[in-house]
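Take a look at the letters that make up each chain.
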Amino acid sequence: MEISKGDLVESLAGHDRGDWFFVVDCDGTYAAVADGKCRKLFHPKRKKLKHVRLIARTDCLSAQRLRTGGEVLDSELRRDLARLRHQNQSHNQGG
C-alpha cells in the first residue's frame, strides 16, 4: 500500500524510531512527517519512505484536513495521535 498525505506512519529508523507521525506531504521518495510535539507542522521531519511503516489510513479529523488542505493545529495532531495510539494498545492487549 502506498503512503500518502494524512496517513499514520511509524518511524523505523533514526532517533525517533517507534514514534508515530502523520504524513504532511509525500513526493514518492520522501515523506514529510509531523507529530505536533517534537515535529511541528511548520517544520516537519523529512524521512525516506523505506524508513517509515504505514500503520493506518485513518479518517480522524486531522487526517481529513491534511488530505483536503484544510487548516490543522499541532494540538489536534497530538490529540489524535494519543487517541489512536491508545486504541492500538487497547486492541493489542485484547481490551
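Structure's up top.
Scoring rules and cut-offs
Residues numbered from 1 in each chain as written. Predicted model: local features only at pLDDT ≥ 70, side-chain atom pairs only at ≥ 80, totals over all residues. Heavy atoms only, no water. Core = buried A, V, L, I, M, F, W, Y, C linked by side-chain atoms within 4.5 Å. Buried < 20%, exposed > 50% of the residue type's maximum accessible area, 1.4 Å probe, protein only. Helix = DSSP H or I, 4+ residues; strand = E, 2+ residues; numbered from the N terminus. Salt bridge = Lys/Arg side-chain N within 4 Å of Asp/Glu carboxyl O. Pairing = 2+ DSSP bridges. Axes fitted to C-alpha atoms, helices over the stretch in contact; angles between N-to-C directions. Expected span 1.5 Å × (residues − 1). Arc of directions from axis to C-beta. Contact = heavy atoms within 4.5 Å. Polar contact = N/O pair within 3.5 Å; in protein donor to acceptor, adjacent residues only side chain to side chain.

K.L.:
What is the right way to read the nonpolar core from this model?
P.N.:
One recurring pattern in soluble globular proteins is that nonpolar side chains are buried together. If you look at the biggest cluster of nonpolar residues, it comprises 12 residues: Leu-8, Trp-20, Phe-22, Val-24, Ala-34, Cys-60, Ala-63, Leu-66, Val-72, Leu-77, Leu-81 and Leu-84. Of all elements in the fold, only strand E2 (20–26), helix H1 (61–68) and helix H2 (74–92) reach the threshold of two or more residues within this core. Core analysis: the next-biggest nonpolar cluster, separate from the first, contains 7 residues, Phe-21, Ala-31, Val-33 and Val-52 among them.

K.L.:
Just to check I follow, could you spell out the pattern of salt bridges for this structure?
P.N.:
Pairs may arise between side chains of opposite charge once their charged atoms sit close together. One pass over the full model with this rule turns up 6 salt bridges. A salt bridge links Asp-16 to Lys-47; the nearest nitrogen and oxygen atoms lie 3.2 Å apart. With Asp-16 in the loop between strand E1 (8–11) and E2 and Lys-47 in strand E4 (residues 45–48), this pair connects stretches of sequence that are 31 residues apart. The pair formed by Asp-16 and Lys-47 is uniform in burial state, with each residue classed as buried. Among the ionic pairs, Arg-83 bridges to Asp-80, the shortest N-O distance being 3.7 Å. One end of the pair, Arg-83, and the other, Asp-80, are both in helix H2, 3 residues apart, so they sit about a helical turn from each other. Bridged by salt links that share partners, the residues Arg-79, Asp-80 and Arg-83 form one connected network.

K.L.:
Help me out: how do you make sense of the sheet that holds strand E3 (residues 30–34) in this one?
P.N.:
Each strand in a sheet pairs with another by means of backbone hydrogen bonds, the pair being arranged parallel or else antiparallel. Strands sit in the order E4-E3-E2-E1-E5 across an open sheet of 5 strands; the sheet is antiparallel. With one partner strand each, in any of the chains shown, E4 and strand E5 (52–56) form the two edges of the open sheet. Put simply, the sheet's adjacent strands are angled 50° from each other on average, direction ignored. For E2 and E3, the ladder comprises 4 bridges, and the chain directions are antiparallel. Each bridged residue has a counterpart across the sheet, and for Val-23 the counterpart in E3 is Val-33.

K.L.:
Got a minute to help me understand H2 in this structure?
P.N.:
Within an α-helix, residues lying three or four positions from one another point in the same direction, as the helix has 3.6 residues per turn. The terminal C-alpha atoms of H2, which comprises 19 residues, lie 27 Å apart, in line with the 27 Å expected from a rise of 1.5 Å per residue. Among all positions of H2, only Asp-74, Glu-76, Leu-77, Asp-80, Leu-81 and Leu-84 are buried. Viewed along the axis of H2, the buried residues span an arc of 150°, placing them on a single side of the element. On its buried face, H2 sits against E1, E2, E3 and H1.

K.L.:
Can you walk me through the side chain of Glu-76 in this structure?
P.N.:
Note on placement: Glu-76 falls in helix H2. A distance of 3.0 Å separates the side chain of Glu-76 from the backbone nitrogen of Leu-73, its partner in a polar contact. If sequence neighbours within four positions are ignored, Glu-76 has contacts with Ser-62, Arg-65 and Glu-71.

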